[in-house]
Amino acid sequence: MKLYSYFRSSAAYRVRIALAVKDLPCEIVPTHLKRSEHRLPDYLAKNPQGLVPTLEDGALVLGQSLAIIEYLEERQPEPALLPKAHGDRAQVRALALAIACDIHPLNNLRVLEYLEHELGADPAAVTAWYRHWVGVGFAALEAQLRHTSGDGHHCFGSAVTLADVCLVPQLYNARRYALPLEAYPTLVGIGDALARLPAFERASPAAQPDAE
Ligand SMILES: N[C@@H](CCC(=O)N[C@@H](CS)C(=O)NCC(=O)O)C(=O)O
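Residues numbered from 1 in each chain as written. Predicted model: local features only at pLDDT ≥ 70, side-chain atom pairs only at ≥ 80, totals over all residues. Heavy atoms only, no water.

A.B. asks: Help me get a handle on the packing of helix α6 (residues 123-148) against helix α7 (residues 162-176), residues and values and all.
C.D. replies: Where α6 meets α7, the axes come as close as 12 Å, and the angle between the chain directions of the two elements is 140°. Here α6 runs over α7; the crossing is left-handed. Residue-level inspection shows Tyr130, Val134, Phe138 and Leu141 of α6 in contact with α7, the latter providing Leu167, Gln170, Leu171, Asn173 and Ala174. Residue composition of the contact of α6 with α7, grouped by class: seven nonpolar, two polar and no charged. (Axes fitted to C-alpha atoms, helices over the stretch in contact; angles between N-to-C directions. Helix = DSSP H or I, 4+ residues; strand = E, 2+ residues; numbered from the N terminus. Left-handed = near helix turned anticlockwise from the far one by under 90°. Contact = heavy atoms within 4.5 Å. Nonpolar A, V, L, I, M, F, W, Y, C, P; charged D, E, K, R; others polar.)

Here it is, written out as structure tokens:
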């Protein structure tokens, strides 16, 4: 398999964590977002959205990190990232989607660039946008995680799930943008405990071949 990835991309980071948890071999193909390599014709032919990540597995060319992770989950079910009980699986997906669908898109590079370059927002306004929307998302997640975490080290129960795979990259991203985190002690406690696990360390931005 090949994963088109950028070391700082939260969505690519999710897939890297899933690959590492499942110990699946995969070649990382660095795709530099700041140099717009994701907008080159060759890349757009693989991923017409012009977003990373993209996974190639033989003839399969797949975008969308959560679809990629569910593909990996079906290809190699153990260790499982989704719980066995269907109600539990739904809850884990709800946590993951709260991050991947409701928080992450509002802090994506193209959105922040559009605010600045097309709408004329100054850097302070862009930062305020970021902090507002990620803060709203984190506040709701903090309340949810107090109920769903079984041990203060995982989003749901006491094993690594798809929700954890989404949380750690979003927390990394929040720190990059210096979002104040004091209001989210449960979320931060879980994220920091997970980030110390060997699979999460292997997937981290600092451990990538294109890290700067
Ligand atoms: N929903 C997509 C989001 C992918 C995405 O937004 N990727 C970002 C990096 S985290 C990207 O490629 N951004 C490029 C841009 O904004 O121009 C997924 O989960 O794969």
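A.B. asks: Run through the site of the ligand, naming residues and quoting values.
C.D. replies: Lining the immediate environment of the ligand, one finds 16 residues, of which Arg39, Val52, Gln64, Ser65 and Asn108 sit closest. Contact between the ligand and Arg39: an oxygen atom at 2.7 Å from a side-chain N or O atom of the residue. At 2.8 Å, a backbone N or O of Val52 approaches a nitrogen atom of the ligand. Protein contact buries 92% of the 510 Å² of open area that the ligand shows by itself. (Near = heavy atom within 4 Å. Polar contact = N/O pair within 3.5 Å; in protein donor to acceptor, adjacent residues only side chain to side chain. Areas by Shrake-Rupley, 256 points an atom, 1.4 Å probe, with all protein chains shown as cover.)

A.B. asks: How would you explain the sheet that holds strand β2 (residues 27-30) if you had to name every residue and give the values?
C.D. replies: Taken together, four strands build an open sheet; the order of strands is β2-β1-β3-β4 and the sheet is mixed. The strands lining the two open edges of the sheet, one partner per strand, are β2 and β4 (60-63). Neighbouring strand axes in the sheet, compared pairwise and without regard to direction, differ in orientation by 20° on average. On the sheet, helix α1 (residues 10-21) packs against β1 (2-5) and β2 and is oriented at approximately 150° with respect to β1. (Pairing = 2+ DSSP bridges.)

A.B. asks: An account of the packing of α6 against helix α8 (residues 185-195) is needed here, citing residue identities and associated values.
C.D. replies: For the pair α6 and α8, the least separation of the axes is 8 Å and the interaxial angle reads 75°. By the angle between their axes, α6 is roughly perpendicular relative to α8. Contacts between α6 and α8 involve Phe138, Leu141, Glu142, Leu145 and Arg146 from the former and Pro185, Thr186, Leu187 and Ile190 from the latter. For the contact of α6 with α8, a count of residues per class yields six nonpolar, one polar and two charged. (Parallel < 35°, antiparallel > 145°, perpendicular 65-115°, else oblique.)

All we've got here are geometric facts, nothing functional implied.
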